[in-house]
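Remarks on the overall topology
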Amino acid sequence: MCFFCNVVDRKNHGHHIVLYSEDGDASIGNMITLCPKCHRDYHAGRLQVDIGRF
């Protein structure tokens, strides 16, 4: 299920909350699931993850 829009789809992506490129780990505790559209929107700066919630 997408963290933002709640879409359930087999094509959803795992996304690191703290980016792997910024020393985020690959644990399940550092992952959320995003649909392809929300994942694109996140990386384009149109959506933000509030990491304070985690």
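First things first, this report covers the structure right here in the doc. (Residues numbered from 1 in each chain as written. Predicted model: local features only at pLDDT ≥ 70, side-chain atom pairs only at ≥ 80, totals over all residues. Heavy atoms only, no water.)

Looking at the nonpolar core
Applied cut-off: We call a set of buried residues a nonpolar core when its members are Ala, Val, Leu, Ile, Met, Phe, Trp, Tyr or Cys and they connect through side-chain atoms within 4.5 Å of each other. Only protein chains enter the accessibility calculation, which uses a 1.4 Å probe. A residue is then buried if its area is under 20% of the maximum for its type, exposed if over 50%, and partly exposed in between. Note on conventions: DSSP H or I runs of at least 4 residues are helices, E runs of at least 2 residues are strands, and numbering of each starts at the N terminus. Two residues qualify as a contact provided that any one of their heavy atoms is within 4.5 Å of a heavy atom in the partner residue.
C2, I17, I32, L34, C35, C38, Y42 and V49 together form the largest nonpolar core, which totals 8 residues. For this core, the elements supplying multiple residues, two or more each, are β2 (31–34) and α1 (36–43). Contact partners of C2, with chain neighbours within four places excluded, come to V7, N12, T33, L34, C35 and C38.

A word on the environment of C5
Structurally, C5 can be placed in the segment before β1 (13–16). C5 sits 25 residues away from N30 along the chain, and the two C-alpha atoms are 19 Å apart. With residues near it in sequence (within four places) discarded, C5 still touches C35 and C38.

Comments concerning the pattern of salt bridges
For side chains bearing opposite charge, pairing can occur when the charged atoms are close. Condition: Here, a salt bridge means any side-chain nitrogen of Lys or Arg that lies within 4 Å of a carboxyl oxygen of Asp or Glu.
Counting across every chain of the model gives 2 salt bridges. Close ionic contact of D41 with K37 constitutes a salt bridge, the shortest N to O distance being 2.6 Å. You can see D41 and its partner K37 sitting in helix α1, 4 residues apart, about one turn around the helix. A salt bridge links R46 to D41, with the shortest nitrogen-to-oxygen separation between them at 2.9 Å. A cluster of three or more residues bridged by salt bridges with shared partners is formed by K37, D41 and R46.

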